[in-house]
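As a plain string of letters, each chain reads:
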Amino acid sequence: VDESLVAKHGDTSHEIAAALAFECRERTGADVALATSNVPRIDPTASVPPQYHIAVATSSGLKVHPARYAGHPDILKDRGGKDALNFLRLQLLG
């Protein structure tokens, strides 16, 4: 993804997840591409859990889903992966 896009929107943004999924599908010729933005660090003092984005690109378009998480840092990547795969599953089911 272009560095200027990251500088403008941040690495956890909707735009980054969308660009990653779109470019992955375009470059590989895949039927479907799944991508996530970076998962932000947790701020224990924040009142709202941080947000990241999950994107799925298909021949019929691009869908991006915001996701929030809370919990112990040791489970965040696992949880994010499961959230991404579930979003993909839901998109494939229509």
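Provided above is the structure to which this section pertains.
Residues numbered from 1 in each chain as written. Predicted model: local features only at pLDDT ≥ 70, side-chain atom pairs only at ≥ 80, totals over all residues. Heavy atoms only, no water.

As for the environment of L76
Operational definition: Working definition: helices are DSSP H or I runs of at least four residues, strands are E runs of at least two. Numbering for both runs from the N terminus. Categorising residues by exposure relies on relative accessible area from a 1.4 Å probe, with only protein chains included: less than 20% of the type maximum marks a residue as buried, more than 50% marks it as exposed, and the intermediate range marks it as partly exposed. By definition in these notes, contact holds between two residues if any of their heavy atoms fall within 4.5 Å.
Tracing the backbone through its elements, the reader meets L76 in helix α3 (residues 76-93). Residue L76 is classed as buried on the basis of its relative accessible area of 10%. Here L76 is in contact with I42, Y69 and G71, once residues within four sequence places are set aside.

As for the nonpolar core
Rules: Nonpolar core, defined: a set of buried Ala, Val, Leu, Ile, Met, Phe, Trp, Tyr and Cys residues in which side-chain atoms within 4.5 Å join the residues together.
Among the nonpolar cores identified, the biggest contains nine residues, and these are Y52, I54, V56, A67, Y69, L76, A84, F87 and L88. Where this core is concerned, the elements lending two or more residues are β2 (51-58) and α3. For this core, the element with the most residues is α3, which contributes four residues. The contact partners of Y52, leaving out residues within four places of it in the chain, are T12, S37, N38, V39, P40, H65, P66, A67, Y69, R79, G80 and D83. Counting residues in hydrophobic clusters, the runner-up holds six residues, among them A21, A33, A55 and A57.

Focus: the pairing of β2
The condition is simple: Strands qualify as paired when DSSP identifies two bridges or more between them.
The buried fraction of β2 is high, at six of eight residues. Direction of pairing for strand β1 (residues 33-36) relative to β2: antiparallel, over a ladder of four bridges. Its bridge partner being in β2, A33 is matched across the sheet by A57. Two strands pair when backbone bridges link them, and β2 and strand β3 (residues 61-68) are joined in this way by eight bridges, in the antiparallel orientation. Bridge pairing in β3 places V56 opposite K63. Hairpin connection, β2 to β3: the antiparallel pair is bridged by two residues.

Looking at the side chain of R25
For clarity, the threshold we go by: Neither His nor the chain ends is counted toward charge; the positive residues are Lys and Arg and the negative residues Asp and Glu. Should a side-chain nitrogen of Lys or Arg be within 4 Å of a carboxyl oxygen of Asp or Glu, the pair is scored as a salt bridge.
Positionally, R25 belongs in helix α2 (residues 14-28). An unpaired buried charge is present at R25: no salt bridge exists, and E26, the closest side chain of opposite charge, is 4.3 Å distant. In this view, R25 contacts A30, D31, V32, A33, A57, T58 and S59; residues no more than four positions away in its chain are not counted.

A look at the sheet that holds β1
Put simply, the test is: Note on method: axes are straight lines fitted to C-alpha atoms, helices fitted across the in-contact stretch only, with angles between N-to-C directions ranging 0 to 180 degrees.
Strand order in the open sheet made by the three strands is β1-β2-β3, with antiparallel pairing throughout. This sheet does not close on itself; its edge strands, each paired only once, are β1 and β3. Averaged over all pairs of adjacent strands, the angle between their axes in this sheet comes to 15 degrees, without regard to strand direction. Sitting on the sheet, α2 touches β1, β2 and β3, and the angle it makes with β2 is about 25 degrees. Seen against the sheet, α3 touches β1, β2 and β3 and runs at an angle of roughly 35 degrees to β2.

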